Amino acid sequence: MQVISCLKQVPDTTQVQIDPVTNTLVRDGIPFIMNPYDTHALEESLRLRDDYGVRAVALSMGPPNAEATLRKACALGVDDAILLSDRCFGGADTLATSMVLSAAIKRLSMLDELAIVFCGKQTIDGDTAQVGPGIASRLGLHQLTLVDRIELLDLERKKIRVRRKLEGRYEIVEAPLPVMITVVREINQPRYPTVPLRLAAEDVEVKVWDNSVLQLDVETIGLKGSPTWVSKIFSPERDQGEIIGDGLSDPEGTAQLLLDKLLSKDLLAV
Ligand SMILES: Cc1cc2nc3c(=O)[nH]c(=O)nc-3n(C[C@H](O)[C@H](O)[C@H](O)COP(=O)(O)OP(=O)(O)OC[C@H]3O[C@@H](n4cnc5c(N)ncnc54)[C@H](O)[C@@H]3O)c2cc1C
């Protein structure tokens with residue numbers, strides 16, 4: 001049985017731009033990292049490998065330099081790492097991204113039985129939290145989002161019980177395998193690569209699958225297959241708000257002014 005973690009390579013900065021001509025992210029000169037939530041998705045897959053002996057596979061869709069993110073997963077001990085990379089995958093929105101990832105997961109499931117697909121709660125660049133549920137709906141998997149604890153995993157009876165971290169409360173959910181799980185940071189503390197594994201990872205083969213392997217209709221992937229185009233990214237102007245006093249030189253006066261303002265706006269019940 002196998003567990004698959006979907007890992008996205010993201011810019012290690014908020015200063016990202018969209019190329020107005022190609023409508024894709026400007027990547028030159030930008031440092032990249034593994035999406036922070038995905039480090040927890042990867043860690044959870046490695047823990048199940050350690051505890052249940054399942055195979056841990058890491059999957060990423062991205063340009064050739066996304067291999068670096070998968071090599072980090074190799075240094076942590078995954079059994080297999082596959083980069084889905086092809087020009088025709090470029091510029092994908094969440095719909096097109098989940099199309100490519102689902103096709104690869106389907107292909108892997110023909111080779112070994114699938115138990116769990118792990119995704120991060122969301123990425124720090126697109127930030128939509130849509131890809132995990134997109135994969136689940138394309139593959140007909142039960143989706144368990146915002147998971148902060150796996151309470152029970154029964155591979156024989158093919159069922160799982162998890163705890164979901166919701167706003168101000170928790171929810172315990174049980175579902176038959178296979179499932180898609182999106183994880184929150186609280187689920188675990190990612191391990192550090194050991195020196196032997198890190199050295200070994202330098203020679204490990206990261207497989208690269210392009211569209212000649214996945215055989216997808218090019219109209220359904222990449223920019224062509226994306227109904228959503230990101231035309232521009234910008235930081236909204238910050239509303240400076242009204243300056244009502246200099247709290248440092250005259251704290252009491254400023255406090256009085258603030259009180260008057262609040263009272264005049266009936267924002268304080270007296
Ligand atoms: C600033 C910005 C805004 C964007 N806004 C939108 C938008 O509104 N709608 C839209 O459809 N697209 C949008 N995109 C494009 C979108 O980022 C890409 O489609 C991306 O591949 C997936 O969406 P996401 O980053 O929101 O991922 P999310 O849905 O937030 O990712 C959730 C999880 O899915 C997995 N995952 C996501 N992408 C990959 C990958 N390439 N490889 C492996 N695993 C992956 C990871 O486990 C990740 O934690 C935006 C991109 C940027 C940079």
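The structure we're discussing is the one just above.
Residues numbered from 1 in each chain as written. Predicted model: local features only at pLDDT ≥ 70, side-chain atom pairs only at ≥ 80, totals over all residues. Heavy atoms only, no water.

**Student:** I'm lost on the overall build of the protein in this one. Help?
**Tutor:** Within the protein, the secondary structure is distributed over seven helices and 11 strands. Across its three principal axes, the protein shows a C-alpha extent of roughly 75 × 50 × 40 Å. For the protein, buried positions account for 41% of its 270 residues. When contacts within the protein are restricted to residue pairs at least 6 apart in sequence, long-range pairs at least 24 apart make up 70% of them. Counting only carbon and sulfur atoms, one obtains 53% of the accessible surface of the protein, whose full area is about 15200 Å². In the protein, 30 positive and 39 negative side-chain charges are present, and the distance between their average locations comes to 5 Å. (Helix = DSSP H or I, 4+ residues; strand = E, 2+ residues; numbered from the N terminus. Buried < 20%, exposed > 50% of the residue type's maximum accessible area, 1.4 Å probe, protein only. Contact = heavy atoms within 4.5 Å. Areas by Shrake-Rupley, 256 points an atom, 1.4 Å probe, with all protein chains shown as cover. Lys, Arg positive; Asp, Glu negative; His and termini not counted. Charge placed at Lys NZ, Arg CZ, Asp CG, Glu CD.)

**Student:** Before we go on, may I ask you to explain the layout of surface pockets in this structure?
**Tutor:** It is a probe the size of a water molecule, rolled over the atoms, that shows where empty space is left. Empty space within the second largest pocket amounts to approximately 340 Å³. Taken together, 16 residues form the lining of the second largest pocket, with Met34, Lys72, Ala75, Leu76 and Pro193 sitting closest to its centre. Those elements that provide at least two residues to the lining of the second largest pocket are strand 3 (32–34), helix 1 (36–52), helix 2 (67–75) and helix 5 (195–201). Top element by residues in the lining of the second largest pocket is helix 1. It accounts for four residues. In terms of residue class, the lining of the second largest pocket is made up of nine nonpolar, one polar and six charged. (1 Å grid on protein atoms, 1.4 Å probe; cavity = no way out; pocket = protein on both sides within 12 Å on 5 of 7 lines; lining within 4 Å. Points joined across faces, edges and corners; volume = space filled by probe spheres on them. Nonpolar A, V, L, I, M, F, W, Y, C, P; charged D, E, K, R; others polar.)

**Student:** Which parts of the structure should I look at to understand unusual backbone geometry?
**Tutor:** Backbone phi values are negative for most residues with the exception of glycine, while trans is the configuration of most peptide bonds. Residues Leu177 and Pro178 are joined by a peptide bond in cis, for which omega reads -5°. Structurally, the position occupied by Pro178 is in the loop between strand 9 (169–176) and strand 10 (179–183). For Leu146, which is not glycine, the phi torsion reads 55° and is therefore positive. When you line up the elements, Leu146 lands in strand 7 (residues 142–154). Given the relative accessible area of 23%, Leu146 is considered partly exposed. Phi is positive for Gln215, which is not a glycine, with a value near 55°. Its place among the elements puts Gln215 in the loop between helix 6 (211–214) and helix 7 (251–264).

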